[in-house]
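For reference, the chains in residue letters:
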Number of protein chains: 2
Amino acid sequence: MRATTIHGARDIRVEEVPEPRIKRPTDAIVKVAAGCICGSDLWPYRGENPIRPGATIGHECIGVVEEVGGEVSEVSVGDFVVVPFCHCDNTCAHCRHGAQSACVNLGVTTSGQAEYARVSQADGSLVATGGVPDDDLLASVLALTDVMPTGWHAAVSAGVAAGDTVVVVGDGAVGLCGVLAASVLGAERIVAMSRHTPRQELARAFGATHVVATRGEEGIAEVRELTDGVGADAVLECVGTGDAMTTAIGVARPGGGVGFVGVPHGVELPVRTLFEKNIGVRGGMAPVRRYLPELLALVQDRRIEPGRVFDLTLPLDEAPEGYRAMDERRAIKVMLRP
Amino acid sequence: MRATTIHGARDIRVEEVPEPRIKRPTDAIVKVAAGCICGSDLWPYRGENPIRPGATIGHECIGVVEEVGGEVSEVSVGDFVVVPFCHCDNTCAHCRHGAQSACVNLGVTTSGQAEYARVSQADGSLVATGGVPDDDLLASVLALTDVMPTGWHAAVSAGVAAGDTVVVVGDGAVGLCGVLAASVLGAERIVAMSRHTPRQELARAFGATHVVATRGEEGIAEVRELTDGVGADAVLECVGTGDAMTTAIGVARPGGGVGFVGVPHGVELPVRTLFEKNIGVRGGMAPVRRYLPELLALVQDRRIEPGRVFDLTLPLDEAPEGYRAMDERRAIKVMLRP
């Protein structure tokens, strides 16, 4: 099959690789209808994460079940499904506690930017959409594989509640979905920190009431002024850098919460500041499966349209251009169609 | 008046110092009926915090209002009051959010181990008990100035909920009050980590269902075994050292919460582990005033008896011996009577 592979920093290729096969009776193979590039794919793309040259890349896809293992009973060949980027049995103690991203049988999609993907723990992971999504819903269903549940997880982890003042640090697709999540969860004021006009516009469309274009100390000061010197009830850190975390903690009010979902790169948590301001910090890889039923219903009811984060769709063969576009911030998020 | 003062590491004296006076119209002066020594007083006692030689020490006391400033209207001369160790106006934005320990008019008791103490923000801080507490309640009322609300804050910060499995790291008075808090909040299993028999016994009396006497990796392994390899829903870190935090994070289940109330000394938060396990961390100085009405009612209804943490009562003049007894762990907590 054709699949996107990574050979080194900024060396993305689409080439023939062996099709994934059922390895265990709990597996399924999904024929990819649409995949996409994640902000976290840019870490290895930029050479900041180790890679295995020639490995397939891409952990987000939706499509049709092509084949199932002998123990799979909840989905059938022909079902159109959402594939959570992290696979879980949805029955272990961690899953039952809502921590599906720490499932004892955790797996991840490894060829989401390809023609086929293998899903471990198919029964626990896959959610059938009840038919091929309408064209106008496809992008939003694809967003449910990672980026929307991750933004949602940031909001849940930050403790967003109705009436809150929320700040979102990061205007990537996850941050934008965080704005949307905060809006759905009833936040009253949502401050999107973004310097890019198209992203600011999408943030406003998703429910941001304010945009702060400055960064660092200046950005913190601007948010503090917006909040009468008090700070935000909840802050969504959707980048993963030390600067982003510093900003997030800097704009939180005493007793507020920071939800962080950007994979930490060079982040240090200032325990003394957290102690002095009683700021809670919680986050991690999103337990996508936990949120999927609720979010899929919101998408299918057309109450949320997270698919608007896709501003570039390319044929799979043009995956390298997709990476370039995201790396250069010419695109917020790129959909790839096999 | 006679007051406990600190002159250097392990140099505690009781000597004559000037009586505190009303400085601002929001102040009150309290004649101390009982004060006590806090675990956090041991940091300067052991030379691990900077001190000003000759300064009074002690931030916990209860007593009778002796004098009030011109703007004090909520308490009157003669009222018996609980003095939260941190004073707050209870009206600013932070206080309204329940973060009274970050009040914009924050103050602290500085002569709790003395004959008189000054309380700033008397209206926002002091809670009258409705008369002199019965003899059998006095110790528990004294525990409400810091140690019990701090244990409670650890439990609240860790997110303890009914049915939870809770681990308490630290068997000082705060940890023991954390056990009591977890019990009141409905935890089903409460594991007290303690190596000291009298403290283990009090932990059990406060609601601990299990005691783990091992420490470090061994202690973590024992808790994991107790919890079928899952870990605890909520962990109360009531020490403030790096080792205690490592243990706390080590015994938390994925998606669990760590509440920390020990003033951090050499603590580093392992952000990557927190991310991978989706463990939340929240804590800080307890917003005592927030919890006081609820906790005072529990004490007065004789539903909780946090005063059992006091296992040594001394006349004020013997404060130096009180410090030695706590430092050498001969006493859990020492009450001082002027």
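By the naming in an unreviewed UniProt entry, chain A goes by Zinc-dependent alcohol dehydrogenase family protein and is assigned to Nocardioides humi. In UniProt, chain A has this text filed under Sequence similarities (unreviewed entry): "Belongs to the zinc-containing alcohol dehydrogenase family." According to its UniProt record, chain A has this under Cofactor (unreviewed entry): "Zn(2+)".

Let's talk about the domain arrangement of chain A
All names here are of chain A. Partitioning chain A into domains gives domain 1 (2–146 + 287–337) and domain 2 (148–283). Facing 22 residues of domain 1, the contacting portion of domain 2 comprises 22 residues. Approximately 1900 Å² of surface area, both sides summed, lies buried where domain 1 meets domain 2, with 69% of it carried by carbon and sulfur atoms. With a shortest N-O distance of 2.4 Å, Arg329 and Asp171 are connected by a salt bridge. If you look at where domain 1 meets domain 2, you find eight residue pairs in polar contact (both at pLDDT 80 or more). Broken down by element, the residue count for the side of domain 1 that touches domain 2 peaks at six residues, all from helix H11 (residues 288–300).

With respect to the interface of chain B and chain A
At the junction of the two partners, chain B supplies 33 residues and chain A supplies 33 residues. For the pair chain B and chain A, the summed buried surface comes to about 2900 Å²; carbon and sulfur atoms form 62% of the total. There are zero salt bridges connecting chain B and chain A. Our enumeration of links across chain B and chain A arrives at 21 residue pairs in polar contact (both at pLDDT 80 or more). Of all elements in the fold, only helix H2 (93–96), strand E15 (252–260), helix H10 (271–277) and strand E16 (280–283) of chain B reach the threshold of two or more residues within the side of chain B that touches chain A. Looking at the side of chain B that touches chain A element by element, the count peaks at six residues for E15 of chain B.

Remarks on the relation of the copies chain B and chain A
Expressed as a screw operation, the relation of chain B to chain A combines 0.0 Å of axial shift with a rotation of 180°, fitting to an RMSD of 0.0 Å. The symmetry that links the two subunits is that of a two-fold axis. Identified as the residue of chain B closest to the rotation axis by C-alpha distance is Val281 of chain B, at 2.7 Å.

Observations regarding the packing of aromatic side chains
Scanning the model with the defined rule gives four aromatic pairs over all chains in all. Ring centres of Phe260 of chain A and Phe275 of chain B lie 5.9 Å apart, and the angle between their planes is 50°; on these two criteria the pair is classed as tilted. Here Phe260 of chain A, found in strand E15 (residues 252–260), pairs with Phe275 of chain B, found in helix H10, and the two come from separate chains.

What to know about the sheet that holds strand E1 (residues 2–8) of chain B
All names here are of chain B. What the three strands build is an open sheet, ordered E2-E1-E4; its pairing is antiparallel. The sheet terminates laterally at strand E2 (11–16) and strand E4 (55–56), the two strands that pair on one side only. As paired strands, E1 and E2 are joined by six bridges and run antiparallel to one another. Note on E2: the bridge partner recorded for Arg2 is Glu16. In the packing of helix H12 (residues 319–327) onto the sheet, the strands contacted are E1 and E2, and the crossing angle to E2 comes to about 155°.

Re the UniProt feature "domain: Enoyl reductase (ER)" (unreviewed entry) in chain A
Those residues carrying the UniProt feature "domain: Enoyl reductase (ER)" (unreviewed entry) are residues 8–336 of chain A in this numbering. Note that residues 8–336 of chain A is 32% helix and 25% strand, and that its end C-alpha atoms are spaced 20 Å apart.

Things to note about the environment of Val141 of chain A
Residues and elements named next belong to chain A. In this fold, Val141 is placed in helix H4 (residues 135–143). Of the residues examined, Val141 reaches a relative accessible area of 1% and is grouped as buried. The spatial distance from the C-alpha of Val141 to the C-alpha of Val82 is 7.1 Å, given a sequence separation of 59 residues. Excluding its chain neighbours within four sequence positions, the residues that come into contact with Val141 are Ile62, Val82, Thr129, Pro133, Leu296 and Val299.

Some remarks on the pattern of salt bridges
All names here are of chain A. Applying the stated criterion to the full structure yields 32 salt bridges over all chains. Between Arg10 and Asp327 there is a salt bridge, with the nearest N and O atoms lying 2.3 Å from each other. With Arg10 in the loop between strand E1 (2–8) and strand E2 (11–16) and Asp327 in helix H12 (residues 319–327), the pair connects residues that are 317 residues apart, well separated along the chain. On the accessibility criterion, Asp327 (17% relative accessible area) is buried. The salt bridge involving Lys333 is made with Glu60; its shortest N-O contact spans 3.0 Å. Residue Lys333 is located in strand E18 (residues 333–337), and its partner Glu60 is located in strand E5 (residues 60–68); the two are separated by 273 residues in the primary sequence. We classify Lys333 as buried; its relative accessible area is 1%. Salt bridges here are not isolated pairs; linked through shared partners, they connect Glu321, Arg324, Glu328 and Arg330.

What about the packing of helix H6 (residues 173–184) of chain B against helix H7 (residues 197–206) of chain B?
Residue and element names in this part refer to chain B. Contact geometry of H6 with H7 gives a least axis separation of 8 Å together with a crossing angle of 20°. As judged from the angle between their axes, H6 and H7 are roughly parallel. As for the relative orientation of H6 and H7, their crossing is right-handed in sense. Touching Leu176, Cys177, Val179, Leu180 and Ser183 of H6 are Arg199, Leu202, Ala203 and Phe206, all from H7.

Description of the sheet that holds E2 of chain A
All names here are of chain A. Within the open sheet, the three strands sit side by side as E2-E1-E4. Their pairing is antiparallel. Of all the strands in the sheet, the pair left with one neighbour each is E2 and strand E4 (55–56). Lying on the sheet, H12 is in contact with E1 and E2; it crosses E2 at an angle near 155°.

Cut-offs and rules
Residues numbered from 1 in each chain as written. Chains lettered and ligands numbered in written order. Predicted model: local features only at pLDDT ≥ 70, side-chain atom pairs only at ≥ 80, totals over all residues. Heavy atoms only, no water. UniProt positions renumbered as here; feature names shortened; annotations may be inferred. Domains from an automatic or database assignment. Contact = heavy atoms within 4.5 Å. Buried area = accessible area lost by both parts, 1.4 Å probe. Salt bridge = Lys/Arg side-chain N within 4 Å of Asp/Glu carboxyl O. Polar contact = N/O pair within 3.5 Å; in protein donor to acceptor, adjacent residues only side chain to side chain. Helix = DSSP H or I, 4+ residues; strand = E, 2+ residues; numbered from the N terminus. Least-squares fit on C-alpha atoms with pLDDT ≥ 70 in both. Phe/Tyr/Trp six-rings, centres within 6.5 Å; stacked < 30°, edge-to-face > 60°. Pairing = 2+ DSSP bridges. Axes fitted to C-alpha atoms, helices over the stretch in contact; angles between N-to-C directions. Buried < 20%, exposed > 50% of the residue type's maximum accessible area, 1.4 Å probe, protein only. Parallel < 35°, antiparallel > 145°, perpendicular 65-115°, else oblique. Left-handed = near helix turned anticlockwise from the far one by under 90°.

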